[in-house]
Amino acid sequence: MNILSEPEAACTFCRITAGELPAAIVFEDENSLAFLDRRPLFAGHCLLIPRAHHPTLPDLPPELVAALFANVCLLARAVEEAMGAEGSFIGINNRVSQSVPHLHVHIVPRRRGDGLKGFFWPRRPYADEAQMLMTRDKICASLAALLQE
Ligand code: DGP
């Protein structure tokens, strides 16, 4: 019997949470689950997800944020230690470049000179100080509106 309802039934990560799909689980608690990414950047690359189906980080209910990020910290330490890494990359794709629409935090062990070229993003400097200040003001206005909701 399928215990998942739409859209969870169609979601790969909900199916992993429900035990319908296999995964190399490294951690679980009441609200979250972490498992090895099946297409790792490096061995030890983990994905931490909320058990409940929230598509992106902004969709995560505020009361779940602190616990999820406490687990990000815990896993970053564990993955670095377990893999003998010098550091880690923590990343979240929201919609753009997000192949599974269920919030997931990438926890990737890193070493200096490890060749991870995908994160050498081209930088686009502001044309001038005025464009930078206009950008600041637009974001401040959006934030003020959101904080009034
Ligand atoms: P992103 O591109 O940020 O949406 O990353 C999605 C990651 O999820 C990608 O690195 C591959 C991984 N992934 C997709 N499907 C599965 C799966 O069924 N099992 C596991 N373990 N990982 C998956």
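These remarks concern the structure in this document.

So, how was this worked out
Residues numbered from 1 in each chain as written. Predicted model: local features only at pLDDT ≥ 70, side-chain atom pairs only at ≥ 80, totals over all residues. Heavy atoms only, no water. Near = heavy atom within 4 Å. Polar contact = N/O pair within 3.5 Å; in protein donor to acceptor, adjacent residues only side chain to side chain. Areas by Shrake-Rupley, 256 points an atom, 1.4 Å probe, with all protein chains shown as cover. 1 Å grid on protein atoms, 1.4 Å probe; cavity = no way out; pocket = protein on both sides within 12 Å on 5 of 7 lines; lining within 4 Å. Sits in = over half its atoms within 2 Å of the grid points. Core = buried A, V, L, I, M, F, W, Y, C linked by side-chain atoms within 4.5 Å. Buried < 20%, exposed > 50% of the residue type's maximum accessible area, 1.4 Å probe, protein only. Helix = DSSP H or I, 4+ residues; strand = E, 2+ residues; numbered from the N terminus.

1. Considerations on the site of the ligand
Right, on to step 1. Residues in contact with the ligand amount to 15 residues; listed here are only the nearest, D37, N93, S99, H104 and H106.
Right, on to step 2. In the environment of the ligand, an oxygen atom lies 2.5 Å from a nitrogen or oxygen atom belonging to the side chain of D37.
Right, on to step 3. A distance of 2.8 Å separates an oxygen atom of the ligand from a polar atom in the side chain of H104.
Right, on to step 4. In isolation the ligand offers 510 Å² of accessible surface; the protein chains occlude 87% of this area.
Right, on to step 5. Because more than half of its atoms lie within 2 Å of the grid, the ligand is assigned to the largest pocket.

2. Points about the nonpolar core
Right, on to step 1. Residues F27, A34, L48, L68, L75, V105 and I107 are the most contacted members of the largest nonpolar core, which totals 13 residues.
Right, on to step 2. Secondary-structure elements contributing two or more residues to this core are β3 (46-50), α2 (62-83) and β5 (105-110).
Right, on to step 3. With 5 residues, α2 is the largest single contributor of residues to this core.
Right, on to step 4. Core analysis: the second largest hydrophobic core is formed by 9 residues, L33, L47, I49 and V100 among them.

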